[in-house]
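# Breakdown of the fold
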Amino acid sequence: QVQLVESGGGLVQPGGSLRLSCAASGSIFRVDDMGWYRQAPGKQRELVATITKDGTTKYADSVKGRMTITRNNAENTVDLQMNSLKPENTAIYYCNADITQNYGPQDWYWGQGTQVTVSS
């Protein structure tokens with residue numbers, strides 16, 4: 001069994017900051033790519049940022065320069081530092097990871113999501 005658990009969402013004013021965290025746990029052999037996605041009301045889920053095991057990052061154009069993704073390979077965690085937040089960043093943010101289980105298959109896993117609301 002493998003699970004991803006997010007934390008750190010909440011309500012923040014425009015221009016403010018939040019830090020999201022995600023921890024992978026369970027019977028894990030290896031964690032490869034990790035990332036954050038988001039889904040706003042009435043919209044499709046979209047990529048926010050991804051990071052490879054060696055630290056190569058990729059960002060959506062809309063968040064470049066405002067959000068930073070980092071990971072801790074020893075602890076199987078991935079964080080998303082979000083600065084200069086805008087109302088349009090309001091969404092449910094989901095953690096995603098490519099995980100191979102001990103004596104088991106490789107698969108992509110999703111967290112349960114954490115709500116981020118940017119409003120005055």
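Here's a quick rundown of the structure.

Here is what the cut-offs are and how they apply
Residues numbered from 1 in each chain as written. Predicted model: local features only at pLDDT ≥ 70, side-chain atom pairs only at ≥ 80, totals over all residues. Heavy atoms only, no water. Phe/Tyr/Trp six-rings, centres within 6.5 Å; stacked < 30°, edge-to-face > 60°. Helix = DSSP H or I, 4+ residues; strand = E, 2+ residues; numbered from the N terminus. Pairing = 2+ DSSP bridges. Axes fitted to C-alpha atoms, helices over the stretch in contact; angles between N-to-C directions. Buried < 20%, exposed > 50% of the residue type's maximum accessible area, 1.4 Å probe, protein only. Polar contact = N/O pair within 3.5 Å; in protein donor to acceptor, adjacent residues only side chain to side chain.

### Points about the packing of aromatic side chains
- Taken as a whole and judged by the stated rule, the model has 2 aromatic pairs.
- Taking the centre distance of 5.1 Å and the plane angle of 65 degrees together, the rings of Tyr 37 and Trp 110 count as edge-to-face. Note that Tyr 37 is positioned in strand 4 (residues 28-39) and Trp 110 in strand 10 (residues 106-110), a separation of 73 residues in sequence.
- Through successive ring pairs, a cluster of aromatic residues spans Tyr 37, Tyr 94 and Trp 110.

### Looking at the sheet that holds strand 3 (residues 18-26)
- Ordered in space as 1-3-8-7, the 4 strands form an open sheet in which the pairing is antiparallel. Of all strands in the sheet, those bounded by a partner on one side alone are strand 1 (2-7) and strand 7 (67-72). Neighbour to neighbour, the strand axes of the sheet diverge by 15 degrees on average, direction disregarded.
- As paired elements, strand 3 and strand 8 (residues 77-82) share 6 bridges and run antiparallel to each other. Within strand 8, the residue paired with Cys 22 across the bridge is Val 78.

### Here we look at the environment of Asn 73
- Checked against the element boundaries, Asn 73 lands in the loop between strand 7 and strand 8.
- A residue is classified by how much of its surface remains accessible, and Asn 73, at 36% relative accessible area, is partly exposed.
- Between the C-alpha atom of Asn 73 and that of Lys 53, which follows or precedes it by 20 residues, the distance is 7.2 Å.
- A polar side-chain atom of Asn 73 sits 2.6 Å from a polar atom in the side chain of Arg 71.

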